[in-house]
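# Observations on the model geometry
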Amino acid sequence: MTIQPAALEALQSLFLGFAFAGLLASAYELFTARRADFQLLQTGGLSAVASVPVVVFSAPFLILRNTVRGRRIEGRPFFFVMLASMIAAVWSMASGRVVLDLLLFLGA
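Cut-offs and rules
- Residues numbered from 1 in each chain as written.
- Predicted model: local features only at pLDDT ≥ 70, side-chain atom pairs only at ≥ 80, totals over all residues.
- Heavy atoms only, no water.
- Phe/Tyr/Trp six-rings, centres within 6.5 Å; stacked < 30°, edge-to-face > 60°.
- Helix = DSSP H or I, 4+ residues; strand = E, 2+ residues; numbered from the N terminus.
- Buried < 20%, exposed > 50% of the residue type's maximum accessible area, 1.4 Å probe, protein only.
- Core = buried A, V, L, I, M, F, W, Y, C linked by side-chain atoms within 4.5 Å.
- Contact = heavy atoms within 4.5 Å.

## Section: the packing of aromatic side chains
A complete count under the given rule lists one aromatic pair for this structure. Note on Phe20 and Phe57: the rings are 6.0 Å apart at their centroids and 85° apart in plane angle, and the pair reads as edge-to-face. Of this pair, Phe20 sits in helix H1 (residues 5-32) while Phe57 is found in helix H3 (residues 52-74), placing the two residues 37 residues apart along the sequence. What makes Phe20 partly exposed here is its relative accessible area of 27%.

The following block contains the structure:
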């Protein structure tokens, strides 16, 4: 059984996107003693502009964390959890592709 190179690149992007999202959200929490969330964009001013890259690249982790938490606490339906997981996976693949391209650019 062989895997196509395009599928391998997609899997690498997906895994790297999720790993980078978790790393970025955890680093933000470590350095600021606050949880990273989408409300960072609502603060306004320069801090909201500075938090855009953090929110954009940690969004897959934030979506899954909020979805799992909402399923456990609020009892959200399974379909909602599945849909949110698919959105997080696509977002992770896109951000992972950007990170992978940046790493390849810096290494070349």
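## Quick word on the nonpolar core
For soluble globular proteins, the rule of thumb is that nonpolar side chains tend to be buried together. Residues Ala25, Tyr28, Ala36, Leu40, Val54, Val55 and Leu62 constitute the largest nonpolar core, which totals seven residues. When residues of this core are traced back to their parent elements, those giving at least two are H1 and H3. No other element matches H3, which puts three residues into this core. When near neighbours in sequence (up to four residues on either side) are disregarded, Ala36 contacts Ala25, Tyr28, Leu62 and Arg65.

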